[in-house]
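Observations on the three-dimensional arrangement
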Amino acid sequence: IVNGSIGTVSYIVFLEDNTSNFPDMIIVHFESYLGPSCLGNEEKMVAIIPRTATWMFKNQMFSRKQFPLQPAYGLSIHKGIIKPVIAIMYGFNKQ
């Protein structure tokens, strides 16, 4: 899986001990994925975990927790995509 890989969100997972409204992981199906599936009964499934970015601004520390995913409706030049897909984005811009 690399930047720009296109997949479909299959599951949003909240673990039993999760007390927040933020999911613990998102399971994404990547059609071109050849590695081991994170789900034993379904192929080509990859668990995506959240990433935390931190930065300093005006002597104050800030952080942001998010999944490295981006809506990918517009990635096709054809109008044939009828279901929502996502693109994986692992890089963070450093400013």
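Read on for a plain summary of the structure. Everything quoted here is computed from the prediction, not taken from an experiment.

This model, assessed by the stated rule, comprises 1 salt bridge. Two residues, K44 and E31, come together in a salt bridge whose shortest N-O distance is 3.7 Å. Linking K44 in the loop between β2 (25-29) and β3 (45-48) with E31 in the loop between β2 and β3, this pair joins segments that are 13 residues apart in sequence. Relative accessible area serves as the criterion here: at 24%, K44 is assigned to the partly exposed category. The class of E31 is exposed, set by a relative accessible area of 55%.

We now examine the nonpolar core. Judged by nonpolar contacts, I26, V28, F30, Y33, V46, I48 and F67 together constitute the single largest core of 7 residues. Of all the secondary-structure elements, those providing two or more residues to this core are β2 and β3.

Attention shifts here to the environment of I48. Counting through the fold element by element, I48 comes out in strand β3. Judged by its relative accessible area of 0%, I48 is buried. Taking the C-alpha atoms as reference points, I48 and F67, separated by 19 residues in sequence, lie 7.2 Å from one another.

Glancing now at the pairing of β2. Two elements, strand β1 (residues 6-13) and β2, share 5 bridges in a ladder whose sense is antiparallel. Within the sheet, the bridge partner assigned to T8 lies in β2 and is H29. Looking at chain direction, β2 and β3 are connected through 4 bridges and run antiparallel. Residue pairing across strands places V28 opposite V46, the latter belonging to β3.

Rules used in this analysis
- Residues numbered from 1 in each chain as written.
- Predicted model: local features only at pLDDT ≥ 70, side-chain atom pairs only at ≥ 80, totals over all residues.
- Heavy atoms only, no water.
- Salt bridge = Lys/Arg side-chain N within 4 Å of Asp/Glu carboxyl O.
- Helix = DSSP H or I, 4+ residues; strand = E, 2+ residues; numbered from the N terminus.
- Buried < 20%, exposed > 50% of the residue type's maximum accessible area, 1.4 Å probe, protein only.
- Core = buried A, V, L, I, M, F, W, Y, C linked by side-chain atoms within 4.5 Å.
- Pairing = 2+ DSSP bridges.

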